[in-house]
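Per-entry structural report
What follows is each chain in one-letter form.
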Amino acid sequence: MTEACNLVTVHRKTGVINVPRIIRVRSHSPSTETVYVRLLLGQTPKQWEEAADALAVALKAERVGVERVRPQVIALIVQRSEPFTQVIIPPDIPADADAVSLRQVYLGETEHGTDWYAPLIGQHWLVAGATGSGKNSVTWMALRACAPLIRDGLVRVHVVNPKGTELNALRPVSYRYAETDGDIVEVIQGFWATMQDRKKVLAEQGRRTFELSRETPLDLLVVDELGAVTGYGDRSLTKGVQAVLPLILSQARALGGSVIGALQEPTKDVIPQRDLFSLRVCLRATSAGHVDMVLGEDMRRRGALADEIPNVAESAGIGFVVKQRSRTPMRVRAAYCDDSDIRELVRVAGWPHTELTTTAAG
Ligand SMILES: Nc1ncnc2c1ncn2[C@@H]1O[C@H](COP(=O)(O)OP(=O)(O)OP(=O)(O)O)[C@@H](O)[C@H]1O
Ligand SMILES: [Mg+2]
């Protein structure tokens, strides 16, 4: 196989063919294998990167990624199959807030054929991916789960929507909503002020931990284009946000505040506090280097080939998360909320609970 891909060397004098040696093979998921290879003298990882397509054909794989491990050793990440060939339809919104558990929010499916859930209460989520990768499908799924609780006053949504598109359907059901730089700073600083008030309320109640109630609802800060807000936006914007966002990320969890941030370029200056996000999703990435920046060290090598997800609409919503216990990446696909699903969520969330109470009483 290496011969067919021009990855062997031939001794000039003796004519002996040198074949690269496989050091070990690891499989961290049903769809990928990682093959560690010792390079031959004179070979460069770049040669293997250039041969990746040929290797994929030779290995009958969907695609092959190449990762430098240490001098002379590379890892071939072989993706055997694509587990997601269909769009995943979101489940119905429960009518009753009691039927929703924010400790287990349905987001889509995993490559193991199981449902993909994540806790939202007391957690922050980071969704990274190139333009068109489907970042907002994760946000919409969280909001669908929250819809009956928003209606009942148990969840308040603070929306930061710098692009002014995509999330603007949320305007009527947002507790606070911002598009312009000035408003964004105000909403994010206001979120922090809410958290500080919450601290006092919990102290008054003699409680150390937050419990979901009308008096102490879950405050959910949804930030689209987190990179613009914290990194490359106007100085007045980023300065105002940088003053409080680290505090929110480090302290809000225990107070009933959660953050969902969507991000295109996961560079360090843009998101210095990656580890404070307990759920990190890496959808299609434009560079191999982005994968570990989002998911953590060695995750691409262990199979998170997010940069190899094809840039086509059929792949939107596909990405990777890290299974915390085993520290291995898992391919996932978020369910897709189309416009009518979004309208439904806004309708459910916006139904005034007073009206519901009257209806129930009548
Ligand atoms: N989970 C999904 N499953 C299938 N298709 C999806 C999914 N999510 C999004 N799509 C499709 O991909 C398109 C782009 O999605 P979306 O606008 O959420 O991308 P984005 O990552 O927010 O991009 P941008 O950074 O440009 O805002 C959608 O219009 C939709 O057609
Ligand atoms: Mg978007």
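Let me begin by describing the structure that accompanies this report. (Residues numbered from 1 in each chain as written. Chains lettered and ligands numbered in written order. Predicted model: local features only at pLDDT ≥ 70, side-chain atom pairs only at ≥ 80, totals over all residues. Heavy atoms only, no water.)

Thoughts on the site of ligand 1
- Around ligand 1 sit 18 residues in total, of which T131, G132, K135, K163 and E166 are the nearest.
- One of the side-chain N or O atoms of Q264 is found 3.0 Å from an oxygen atom in ligand 1.
- At 2.9 Å, a backbone N or O of A334 approaches a nitrogen atom of ligand 1.
- Taken together, the elements giving at least two residues each to the shell around ligand 1 come down to α3 (135–151) and β16 (328–334).
- Here the shell around ligand 1 takes three residues from α3, the largest share from any one element.
- In terms of residue class, the shell around ligand 1 is made up of six nonpolar, eight polar and four charged. (Near = heavy atom within 4 Å. Polar contact = N/O pair within 3.5 Å; in protein donor to acceptor, adjacent residues only side chain to side chain. Helix = DSSP H or I, 4+ residues; strand = E, 2+ residues; numbered from the N terminus. Nonpolar A, V, L, I, M, F, W, Y, C, P; charged D, E, K, R; others polar.)

Description of the sheet that holds strand β8 (residues 115–118)
- The 10 strands are arranged β8-β7-β16-β15-β14-β9-β13-β12-β10-β11 in an open sheet whose pairing can be described as mixed. Only two strands of the sheet have a single neighbouring strand rather than two, namely β8 and β11 (176–178). On average, each strand axis in the sheet is tilted by 25° relative to the strand beside it, whichever way the strands run.
- Where strand β10 (residues 155–160) and β11 come together, three bridges link them in parallel fashion. Among the inter-strand pairings, H158 is bridged to a residue of β11, identified as R176.
- Against the sheet, helix α4 (residues 181–204) contacts β10, β11, β12 (218–223) and β13 (257–263), and its axis sits at roughly 150° relative to β10.
- Strands in contact with helix α8 (residues 288–295) are β9 (124–128), β14 (279–283) and β15 (318–323); relative to β14, the strand with the most contacts, it is inclined by about 165°. (Pairing = 2+ DSSP bridges. Axes fitted to C-alpha atoms, helices over the stretch in contact; angles between N-to-C directions. Contact = heavy atoms within 4.5 Å.)

Digging into the nonpolar core
- If you look at the biggest cluster of nonpolar residues, it comprises 78 residues, and the most contacted ones within it are W125, L221 and I248.
- By residue number, the principal contributor to this core is α3, which donates 10 residues.
- With residues near it in sequence (within four places) discarded, L221 still touches H158, V160, V187, I188, F191, L245, I248, S258, V259 and I260.
- With 16 residues, the next largest nonpolar core counts V35, A56, I74 and L76 among its residues. (Core = buried A, V, L, I, M, F, W, Y, C linked by side-chain atoms within 4.5 Å. Buried < 20%, exposed > 50% of the residue type's maximum accessible area, 1.4 Å probe, protein only.)

A closer look at the packing of α4 against helix α6 (residues 235–242)
- Direction vectors running N to C along α4 and α6 enclose 0°, while the axes themselves pass 9 Å from each other. When the interaxial angle is binned, α4 and α6 end up roughly parallel. Here D181, I184, V185, I188 and Q189 of α4 come into contact with α6, specifically with S236, L237, G240 and V241.
- Looking at the contact of α4 with α6 residue by residue, the classes come out as five nonpolar, three polar and one charged. (Parallel < 35°, antiparallel > 145°, perpendicular 65-115°, else oblique.)

A closer look at the state of the cysteines
- Summed over the entire model, instances satisfying the criterion amount to zero disulfides.
- Here C337 stays free of any disulfide, with the sulfur of C146 as its closest cysteine sulfur at 12 Å. (Disulfide = S-S within 2.5 Å.)

What about the coordination of the magnesium ion (ligand 2)?
- At the metal site, the magnesium ion (ligand 2) is ligated by E166 (OE) and E166 (OE), and these contacts range over 2.5 to 2.6 Å.
- Residue position: E166 is located in the loop between β10 and β11. (Donors = N, O, S within 2.8 Å, 3.2 Å for Na, K, Ca; no water.)

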